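Next come the chains, spelled out residue by residue.
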Amino acid sequence: MSTVIHLRQSKDRDGEEFAIDRQRKQCQDLASKLGLSVNREFVDNNKSATKGPRPAFQELMQAIEADEVTVLIVAATDRLYRLMSDLVPLIDTIRQHPLTIHAVSGGNVDLSTVDGQTMAYLLSLLTISRVHR
């Protein structure tokens, strides 16, 4: 089993990665609590989830598709996906490459079930409405 962490901070004007460090600690603490050893991190610092590409997210998707990841830990799901354009490919990928997602805030996210997908879609729609106000 390969456990990874995905970290994202939208704005880091000074490049000091304070939010990334905070998320890292939260995710590592959760991994320890679950008895998991983190093998890799995917970090998108100073990258908006709604504007422009996120290289680490794309690398993560490639690693999932290559069956290199079985468990993903995030501080919160909105650090991983915010828009349907990220969520839909993630769900499609998980259908073929099983993945367990643990979120520090919000608990487990089971995108392999209809209920989990529905909840993720609804949360994504709420995010979209806040972004476009």
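Scroll up for the structure.
Residues numbered from 1 in each chain as written. Predicted model: local features only at pLDDT ≥ 70, side-chain atom pairs only at ≥ 80, totals over all residues. Heavy atoms only, no water.

A.B. asks: Help me understand the nonpolar core in this model?
C.D. replies: As a rule of thumb, nonpolar side chains are buried together in soluble globular proteins. In this structure, L60, L72, L80, Y81, L90, I101 and L111 are the most contacted members of the largest nonpolar core, which totals 23 residues. Among the secondary structure elements, those contributing two or more residues to this core are helix 2 (55-65), strand 3 (71-76), helix 4 (84-96) and strand 4 (100-105). In terms of residue count, helix 2 provides more of this core than any other element does, six residues in total. Sequence-distant contacts of L80, defined by excluding residues within four places in its chain, comprise H6, R54, F57, L60, L72, V74, L90 and I101. In terms of nonpolar packing, the next biggest core, distinct from the first, is built from 10 residues, I5, L7, A31 and A75 among them. (Core = buried A, V, L, I, M, F, W, Y, C linked by side-chain atoms within 4.5 Å. Buried < 20%, exposed > 50% of the residue type's maximum accessible area, 1.4 Å probe, protein only. Helix = DSSP H or I, 4+ residues; strand = E, 2+ residues; numbered from the N terminus. Contact = heavy atoms within 4.5 Å.)

A.B. asks: Quick question: what am I supposed to make of the side chain of T3 here?
C.D. replies: Here T3 shows up in strand 1 (residues 3-9). Judged by relative accessible area, T3 falls into the buried class, the value being 1%. Ignoring sequence-local partners within four residues, the contact set of T3 consists of L36, S37, V38, N39, R40, V71 and I73.

A.B. asks: Looking at this model, I keep getting lost on the packing of helix 2 against helix 4. Mind explaining?
C.D. replies: A packed helix pair is summarised by two numbers, namely the angle formed by the two axes and the spacing between the axes. Where helix 2 meets helix 4, the closest approach of the two axes is 10 Å, and the angle between their N-to-C directions is 15 degrees. By the angle between their axes, helix 2 is roughly parallel relative to helix 4. Crossing of helix 2 over helix 4 shows left-handed handedness. Taking contact as the criterion, the partners of F57, M61, I64 and E65 in helix 2 are, on helix 4, D86, P89, L90 and T93. In the contact of helix 2 with helix 4, the residues fall into five nonpolar, one polar and two charged. (Axes fitted to C-alpha atoms, helices over the stretch in contact; angles between N-to-C directions. Parallel < 35°, antiparallel > 145°, perpendicular 65-115°, else oblique. Left-handed = near helix turned anticlockwise from the far one by under 90°. Nonpolar A, V, L, I, M, F, W, Y, C, P; charged D, E, K, R; others polar.)

A.B. asks: It is not clear to me how helix 2 should be interpreted in this structure. Could you clarify?
C.D. replies: Of all the positions in helix 2, only A56, F57, L60, M61, A63 and I64 are classed as buried. End-on view of helix 2: buried residues confined to an arc of 160 degrees, all on one side of the axis. Against strand 1, strand 2 (38-45), strand 3, helix 3 (77-80) and helix 4 lie the buried residues of helix 2. A positive phi of about 60 degrees marks D67, the residue just after helix 2. (Arc of directions from axis to C-beta.)

A.B. asks: I would appreciate a short explanation of the pairing of strand 2 in the present structure.
C.D. replies: Taken residue by residue, a regular strand's side chains alternate between the two faces of the sheet. Relative to strand 2, strand 1 is paired through seven bridges, and the arrangement is parallel. Its bridge partner being in strand 2, R8 is matched across the sheet by D44. Once you follow strand 1 into helix 1 (residues 18-34) and on to strand 2, the crossover reads as right-handed. (Pairing = 2+ DSSP bridges. Right-handed = clockwise from strand over helix to strand, strands pointing away.)

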